[in-house]
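The lines below spell out each chain.
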Amino acid sequence: MGPRGRERRSGAVQSTNDSSALSKSSLAAHGYVHDPFAALLVPGTARRAPLIHRGYYVRARAVGHCVRAFLERTCAAPGAPRAQVVSLGAGSDSLYFRLKTEGRLTGAAVWEVDFPDVARRKAERIQDTPELCGLTGPFQSRDPASVLCFESADYRLLGLDLRQLRRLDQALAAAGLDAAAPTLLLAEAVLTYLEPNDAAALIAWAAQRFPDALFVIYEQMRPHDAFGQFMQQHFRQLSSPLHGLDRFPDVEAQQHRFLQAGWTDCRAMDMNEFYRCFLSSEECQRVENLEPFDEFEEWHLKCAHYFILAASTGDTLSQTLVFPLSEVFPRVDPASSSGVFPARIVTSDSQGRNLKRYGHASVLLSPSIILSTGGFGEQEGRHCRVSKFHLLSRFCDFEWKGNQICSCGTGALWDGRLYHTMTRLSDTQILVLGGRLSPVTPALGILQLGVCKSEDNSTEGLNVTVKKAGPEDSTLSCWRHSTTEVSYENQKYLFVYGGRSVVEPVLSDWHFLHMGTMAWVSIPVEGEAPEGRHSHSACSWQGGAVIAGGLGISEEPLSSVLFLKPSSCGFLWESIVIQPPITPRYSHTAHVLNGKLLLVGGVWIHSSSVPGVTVIDLTTGLSSEYQIDTTCVPWPLMLHNHTSILLPEEQQLLLLGGGGNCFSFGTYFNPHIVTLDLSSLSAGESD
C-alpha cells in the first residue's frame, strides 16, 4: 500500500474511534457503566440502540476486569515499582480519568498512544475541560510538532503511528516508561486494523521489550460463518477492513499466536464466556433489565465474534490472575457429522418479491401454497415491520414463485406483528396468535386470516382477509411462544406454551385453545413442569407436543427435549433423554419426519461451530448431526429468526427468510428462499 492509501486507511480507522466514543458516551448515559468522563471527551451525543449498549457494556467490563486485576496485583506490595498502563490506540477512551477517580493510580501511571491527530485533539479537549485537567493535576502542553502531546505526573498522551515501532519505543522511553517495571499493554480493537505483519511485529516487540508484562487485547474473530462474513463486509465498506482474521480465526489460534511471539502464558475467551463466568448473576440481571430488549440472537452472535485475551511474560504476572482456571465455561460441541444436507436457492427473482424478513411466521396451506406473514424486513425500499403478506406458490415440481399481497376487504387490517405463530385451520383459513409490535407493545387479540381465490383461479390473484377471532377475553399478550396441535378425547386443541411478555422475560405457563369453538379450556397436565423458555420449537407428535431448546430465564440456551404426552386423564410431561447430548440452542425451527425430530439452524453459545441440523430419534433418544452444505448458496445464510416448511414427499425442507439486526454492522436478511435436500437422511435409514 502506498503512502496515500495508508493515509486514507488511517483516516478511516480514526473515524471508527469517533463512532466508538459516541457509543461509550451513550452507554454511560443509560446507566450501564459509571463513566462521567465519556461525554466530556467526545463532541456531540448519540442515542445508541440497546443491542449496541450491551455489546459495549460487555467490552467495558472485560477490559475493566483485566485492568483491575493487573493493578491489584502490582500496586498491592509496599515499595513495589510503579505499575504502568500503556493503552495502544486509546482514542477518546476515558480509562485514565476513571482510574484516577477510583484511587487506583496511587502507585501507577498511564501512557496513551494513538494517531497524532487523535492524540492532539484529545489533549486539547482535556486542556479545555476543567473537569478533566483538574484530575490530571499540573500538566505541560507540548509543541504541536512534538510526539508527546500532554504530560502530567501520572499521565502521558503520545501521538504516534503504531506501525513505526522504533519511534514508538524511543518515544515511550523518552516519556518516562520503564521497560523493567510491571506493565499492562492494552489494545482494544486495534490489532485487526493493522496489516498482519505490523501486528505481529508489535506483539513480538512487546514480548521482548517488557520482561514483566501483561498484554490484553479485545478483537473480532470467527470470520467464516454468516455473521462473520457480514461483519467483515461492514468494515470493508468503512474502508477499514479487518486483517489477520483468516490466519487467526478463533481463540485457539490467537493464543498460539501470542505464545509463538514469545509470551509465556496466554488465555482467551469469547464474550459469551466472559459474561457467563466473570459477571455475577445480580449484575447480569441488572443490565438485562435496564432497557426493553428482544434481540437475543444478535447479542449472542456478537459476543461469539469478539474475544478478550490476556498474555503474560515473567513470573509476577500470570494470565491466571486475570482469568482463573477455576472459571470454565461448559463447552457442548455437537457430535461428529453423520452427513450433509445440500442447500440451493429456490427463488431468485429480482422484482422485490423475495421474502426478506425475519421474525415472521409461515404456514403450508396446500402442497403448492405457502403463506408468510409479519416480521421485520424490506418493504418498498425501507426496513420496517412488514404489512404485506408473502405468497409462495409452486408452478412445477421444484420451482416456486413468490408474490407480495396486501390484505383486502372491510375487516381488520394486519397490524404488523412479529414473533407470532400461525396455525392452518383449512386450505383457506389460518389462525394467528400472539406476537409483538415492539418490545413494550404486544400485539393483542387472535386473528383469523382467510385466503380467497381470484376469478381466474390463479395464485397471483389470491387475496387475504383479516378478522378478529375468539372471545373478547381471549387476549394473548406474549410472543416468541409456540402453538402446537394436540388431541384430547378426540378433540383438537392448540397447545400454547412459553414465550415472553412485557411483564415477564420468560413464561412457563401453557394454555389449551379448542379449535372448534375458539374457547380457552382447562385440561389436566401431570408431571414435572419444564422450566420457562421462549424462542423454542414445538412439533405435533402422536397426539402430543415435542418441545425442544429455547432460551431460559437467565438468557442461556437450553438443551432439553420434552414430550407433552397424551394420557387417559389429560397430558403428562416427559423428558426425552438424548444421547449423545445435544448443544443447547434456540431460535431454530423443528419438524418431525418418520419419528425423527429435526432441529434446524438456530443460535448456540456453548460451541464455536455453526448449527446445522440435529436429528433425534424420538423413540430411542439417539441424536446425530448433519451439516448444511451452502456451496451453492452465494451469500451468507443466517439460520435464525427464519421459518421452515417440510415437504416430506419430496424429502425437502424449505428455509424462508431469516437474519437479524447485526450489532452496529447493519441489518441482514437472507435474500432468497433456500431448500435443503434431506434424501441422505432416508438413504441412511435404508443402509
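Residues numbered from 1 in each chain as written. Predicted model: local features only at pLDDT ≥ 70, side-chain atom pairs only at ≥ 80, totals over all residues. Heavy atoms only, no water.

Draft legend 1. Highlighting the pattern of salt bridges. One pass over the full model with this rule turns up 35 salt bridges. Two residues, Arg-61 and Glu-283, come together in a salt bridge whose shortest N-O distance is 3.1 Å. With Arg-61 in helix α2 (residues 50–74) and Glu-283 in helix α11 (residues 281–288), the pair connects residues that are 222 residues apart, well separated along the chain. Judged by its relative accessible area of 23%, Arg-61 is partly exposed. Across the pair Asp-415 and Arg-417 runs a salt bridge, and its minimum N-O distance is 2.8 Å. (Salt bridge = Lys/Arg side-chain N within 4 Å of Asp/Glu carboxyl O. Helix = DSSP H or I, 4+ residues; strand = E, 2+ residues; numbered from the N terminus. Buried < 20%, exposed > 50% of the residue type's maximum accessible area, 1.4 Å probe, protein only.)

Draft legend 2. Structural view of the environment of Leu-655. Topologically, Leu-655 is positioned in strand β38 (residues 652–656). Residue classification places Leu-655 among the buried residues on the basis of a relative accessible area of 3%. Spatially, the C-alpha atom of Leu-655 lies 22 Å from that of Ser-426, the residues being 229 residues apart in sequence. Among all residues touching Leu-655, those that are not within four sequence positions of it are Val-600, Leu-637, Leu-639, His-642, Thr-643, Ser-644, Ile-673, Val-674 and Leu-676. (Contact = heavy atoms within 4.5 Å.)

Draft legend 3. Summary view of the packing of aromatic side chains. This structure, assessed with the given rule, holds 36 aromatic pairs. Centre to centre, the rings of Phe-97 and Tyr-155 are 5.9 Å apart; their planes meet at 65°, and the pair counts as edge-to-face. On the criterion of sequence distance, the pair formed by Phe-97 in helix α3 (residues 95–101) and Tyr-155 in strand β5 (residues 155–159) is long-range, its members being 58 residues apart. According to the relative accessible area criterion, Phe-97 is buried, its value standing at 0%. Judged by its relative accessible area of 0%, Tyr-155 falls in the buried class. (Phe/Tyr/Trp six-rings, centres within 6.5 Å; stacked < 30°, edge-to-face > 60°.)

Draft legend 4. Just the pairing of strand β14 (residues 376–379), in detail. Strand direction decides the pairing type here: strand β11 (residues 357–358) and β14, joined by two bridges, are antiparallel. Across the sheet, Arg-357 pairs through a bridge with Gly-377, a residue of β14. (Pairing = 2+ DSSP bridges.)

Draft legend 5. Representation of the domain arrangement of the protein in the model. Here the domain parsing of the protein yields domain 1 (12–317) and domain 2 (337–681). One C-alpha centre belongs to domain 1, the other to domain 2; they are set 42 Å apart. Between domain 1 and domain 2, the residue contacts involve 29 residues of the former and 36 residues of the latter. Both sides of the domain 1 and domain 2 interface together cover about 2700 Å² of buried area, and 62% of this is carbon and sulfur. The largest per-residue losses of area from domain 1 upon contact with domain 2 belong to Phe-230, Asp-294 and Glu-297, which jointly make up 25% of the total buried on that side. The tally of links between domain 1 and domain 2 comes to six salt bridges. (Domains from an automatic or database assignment. Buried area = accessible area lost by both parts, 1.4 Å probe.)

Draft legend 6. Looking closely at α11. Every buried residue of α11 is listed here: Glu-283, Cys-284, Val-287 and Glu-288. Taken end-on, α11 shows its buried residues confined to a sector of 135°, consistent with a single buried face. Every exposed residue of α11 that faces more than 90 degrees away from the buried side is listed here: Ser-281, Glu-282 and Gln-285. Contacts made by the buried residues of α11 are with α2 and α10 (271–278). (Arc of directions from axis to C-beta.)

Draft legend 7. Highlighting the nonpolar core. By size, the foremost hydrophobic cluster in this structure holds 98 residues, and its most contacted members are Ile-126, Met-271, Phe-274, Ile-308, Phe-323 and Val-613. Ranked by residue count, the leading element in this core is α2, at twelve residues. Excluding residues within four positions of it along the chain, Phe-323 makes contact with His-65, Cys-66, Arg-267, Met-269, Phe-274, Phe-278, Ile-308 and Ala-310. (Core = buried A, V, L, I, M, F, W, Y, C linked by side-chain atoms within 4.5 Å.)

Draft legend 8. Examining α10 more closely. The buried count for α10 comes to seven of eight residues, which makes it a mostly enclosed element. Inspection of α10 places Met-271, Asn-272, Glu-273, Phe-274, Tyr-275, Cys-277 and Phe-278 among the buried residues, and these make up the whole buried set. N-capping of α10 is provided by Asp-270, with a side-chain oxygen placed 3.1 Å from the backbone N of Asn-272. (Polar contact = N/O pair within 3.5 Å; in protein donor to acceptor, adjacent residues only side chain to side chain.)

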